[in-house]
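# Structural overview for review
For reference, the chains in residue letters:
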Amino acid sequence: MLEKDILEKIRNPSSKQFGFSLLVRHYQKPMYAVVRRMVIDHDDADDVLQEVFLKVWKGIDNFREDARLFTWVYRIASNECLQFLAKKKRRFFLPIHDISSELFAKAEQSPGLSGSEIELKLQKAILKLPDKQRLVFNMRYYDELKFEEIASITGTSVGALKASYHLAAKKIEEHVTAD
């Protein structure tokens, strides 16, 4: 289903709920993947995703279409992930290193993230990145988004994103090849 068709149904008061359910079905899997890579834990990812779609529902009437619907939903998901991680750090009064340790443990136990030893090593390296840098890396590496699209989602310049991505890639390479 095309974004245009989904928006058309949402804009029509008689089919708004149906249109929104189409939106959720269309974006649920890709947004779950985005959220899960950031928060690692399945239950946390479900909670964050629920918040994402709640915000989409509340804000859909204000969506101006100056970006793609995908970009707008992705931006909401990204912001929710960053807010969730910040709240988690504040709630437990944990320094970033301790949050990373908790995420490492969840990554090792998570059947959805299991894989070869090198994949687990890659995940651990990614988890060592600062949250925003990790988000940019995930968008480029896993979602294969263009820097222009990432810029639209994050509100950051393409040049800054390229620098952030390449720095993240260098840190990850150093971690993965260290042993």
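Details of the structure are given in the entry above.
Presented here is an overview of the structure given in this document. Keep in mind it's a predicted model, so treat the numbers as computed, not measured.

Two side chains that carry opposite charge are able to pair once their charged atoms sit near each other. Under the counting rule described, the total for this entry stands at nine salt bridges. Notably, a salt bridge pairs Glu-3 with Arg-68, separated by 3.6 Å at the nearest N-O pair. With a gap of 65 residues between them, Glu-3 in helix H1 (residues 3–11) and Arg-68 in the loop between helix H3 (42–59) and helix H4 (69–92) connect regions that are remote in the sequence. Across the pair Asp-131 and Arg-134 runs a salt bridge, and its minimum N-O distance is 3.1 Å. Taken together, the positions of Asp-131 and Arg-134, both in helix H7 (residues 131–141) and three residues apart, correspond to about one turn of that helix. Residue Asp-131 shares its accessibility class with Arg-134, and that shared class is buried. Connected through shared salt-bridge partners, Glu-3, Arg-68 and Glu-149 make up one network.

What the rule picks out here adds up to eight aromatic pairs. Ring geometry for Tyr-27 and Phe-70: centres 6.2 Å apart, planes at 40 degrees, overall tilted. Taken together, the residues Tyr-27 in helix H2 (residues 16–39) and Phe-70 in helix H4 connect sequence positions 43 residues apart. Phe-70 carries the same exposure label as Tyr-27, and that label is buried. Judged by centre distance (5.9 Å) and plane angle (75 degrees), the ring pair of Phe-147 and Tyr-165 falls under edge-to-face. With Phe-147 in helix H8 (residues 147–154) and Tyr-165 in helix H9 (residues 158–177), the pair connects residues that are 18 residues apart, well separated along the chain. When sorted by exposure, Phe-147 lands in the same class as Tyr-165, which is buried. Aromatic ring contacts, followed pair by pair, group Phe-137, Tyr-141, Tyr-142, Phe-147 and Tyr-165 into a single cluster. Of note, Lys-16 hangs over the ring of Trp-57, and the distance from its end group to the ring centre comes to 4.9 Å.

Here Glu-173 is to be found in helix H9. C-alpha separation for the pair Glu-173 and Ala-125, spaced 48 residues apart in sequence, amounts to 8.2 Å.

The rules behind the values
Residues numbered from 1 in each chain as written. Predicted model: local features only at pLDDT ≥ 70, side-chain atom pairs only at ≥ 80, totals over all residues. Heavy atoms only, no water. Salt bridge = Lys/Arg side-chain N within 4 Å of Asp/Glu carboxyl O. Helix = DSSP H or I, 4+ residues; strand = E, 2+ residues; numbered from the N terminus. Buried < 20%, exposed > 50% of the residue type's maximum accessible area, 1.4 Å probe, protein only. Phe/Tyr/Trp six-rings, centres within 6.5 Å; stacked < 30°, edge-to-face > 60°. Lys NZ or Arg CZ within 6 Å of the ring centre and 35° of its normal.

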